[in-house]
Amino acid sequence: MRIVILGSGTGSNAEAILKSSAEGQLDGTEVVGVFSDVEDSNILKHSKVYNVPAIYLDPGSQNSIITQELEENWIQEIKSLNPDLIVLAGFMRILSKKILLEFNYKVINLHPSLLPSFPGLHSIEKAFNKKVKITGCTVHWVNEEIDEGEIIAQVPVRIMNSDDLELVKQKVHAAEHMLLPWVIRDLANGTISFLK
Ligand code: GAR
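Now for a quick tour of the structure. (Residues numbered from 1 in each chain as written. Predicted model: local features only at pLDDT ≥ 70, side-chain atom pairs only at ≥ 80, totals over all residues. Heavy atoms only, no water.)

**What about helix H1 (residues 12–22)?**
Inspection of H1 places Asn13, Ala14, Ala16, Ile17, Leu18 and Ser20 among the buried residues, and these make up the whole buried set. Buried residues belonging to H1 abut strand E1 (2–7), strand E2 (30–36), helix H2 (42–49), strand E4 (85–88), strand E5 (107–111) and helix H6 (165–189). After H1 finishes, the residue glycine 24 shows a positive phi value of roughly 80 degrees. (Buried < 20%, exposed > 50% of the residue type's maximum accessible area, 1.4 Å probe, protein only. Helix = DSSP H or I, 4+ residues; strand = E, 2+ residues; numbered from the N terminus. Contact = heavy atoms within 4.5 Å.)

**Brief notes about the site of the ligand**
By nearness alone, every residue bordering the ligand is listed as Gly9, Thr10, Gly11, Ser12, Asn13, Gly90, Met92, Leu110, His111, Pro112, His173 and Glu176. Glycine 11 places a polar main-chain atom, nitrogen or oxygen, 2.7 Å from an oxygen atom of the ligand. Between the ligand and the protein, one listed contact pairs an oxygen atom with a side-chain N or O atom of glutamate 176 at 2.4 Å. For the ligand, whose unbound accessible area comes to 450 Å², protein coverage reaches 87%. (Near = heavy atom within 4 Å. Polar contact = N/O pair within 3.5 Å; in protein donor to acceptor, adjacent residues only side chain to side chain. Areas by Shrake-Rupley, 256 points an atom, 1.4 Å probe, with all protein chains shown as cover.)

**Quick look at a nonpolar patch on the surface**
On the surface, a cluster of nonpolar side chains totalling about 220 Å² of accessible area is made up of Ile65, Ile94 and Ile146. Of note, isoleucine 94 is situated in the loop between E4 and helix H4 (97–102). (Patch = residues over 30% accessible without salt bridge, like charges linked within 9 Å, V, L, I, M, F, W, Y side chains within 5 Å. Salt bridge = Lys/Arg side-chain N within 4 Å of Asp/Glu carboxyl O.)

**Let's talk about the sheet that holds strand E3 (residues 54–56)**
With mixed pairing, 7 strands are arranged side by side in an open sheet as E3-E2-E1-E4-E5-E6-E7. Two strands in the sheet have a free side with no partner beyond their single neighbour: E3 and strand E7 (151–158). Between one strand axis and the next, the sheet turns through 20 degrees on average, direction left out of account. Pairing geometry for E2 and E3, over 3 bridges, is parallel. Following the sheet pairing, serine 36 is matched in E3 by tyrosine 56. Packed on one face of the sheet, H6 meets E1, E4, E5, strand E6 (134–141) and E7 and runs near 30 degrees to E6. (Pairing = 2+ DSSP bridges. Axes fitted to C-alpha atoms, helices over the stretch in contact; angles between N-to-C directions.)

**Examining the pattern of salt bridges**
Side chains that carry opposite charge are capable of pairing whenever their charged atoms lie near each other. A full pass over the atoms with the stated rule returns 7 salt bridges. Between glutamate 72 and lysine 98 there is a salt bridge; the shortest N-O distance is 3.2 Å. Remark: lysine 98 occurs in helix H4 and glutamate 72 occurs in helix H3 (residues 68–79); sequence separation between them is 26 residues. Looking at glutamate 72, the relative accessible area reads 34%, which means it is partly exposed. For lysine 98, a relative accessible area of 39% puts it in the partly exposed group. Its salt-bridge partner being lysine 79, residue glutamate 102 comes within 2.7 Å of it at the nearest N-O pair. Placement of the pair is glutamate 102 in helix H4 and lysine 79 in helix H3, with a sequence separation of 23 residues. Judged by relative accessible area, glutamate 102 falls into the partly exposed class, the value being 30%.

Rendered as structure tokens:
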């Protein structure tokens, strides 16, 4: 299974995938490329350490999408790597229907809450401020709606009364670093099925 990762930031989840892969835990998979909409992002730096092609692509001037005139470039660049699966690991732009269709909706996203609770941005802060006692992370199929696609897997994280926000963030990120490689492994070995 050929995997392409898209991300915008720190890249700790891309790193978790690349590390699992390097340790031989993701049989039958290969990360064939990492793309970012942020030129100096750490996700690109991490990927180079693992000798994976790390490519910056210009998303255009709009904040939360890839602008229409640059979309075709993204499609062609990703297609040239012939991926079976696209993994959004902290990619902070919404993919258009055109892009999703080009890749047959074989796109998964990692989100730092137990969806459908706390979709959108700042999910860990929102859960913490709401004083929920259990939060977590979710991997779901991507569709045209934000954080709405079918849920594939989740990991719960307890919020203790003594936890501060920083600790909750650390716990959610630690759960994410386990969950995303697990889902990829299970998609590759058929334990989890692709959408029909
Ligand atoms: C992760 O917490 C991921 O769940 C979140 O961005 C972070 C990326 O961290 N994604 C979203 O909020 C998407 N809506 P990373 O760059 O260290 O992997």
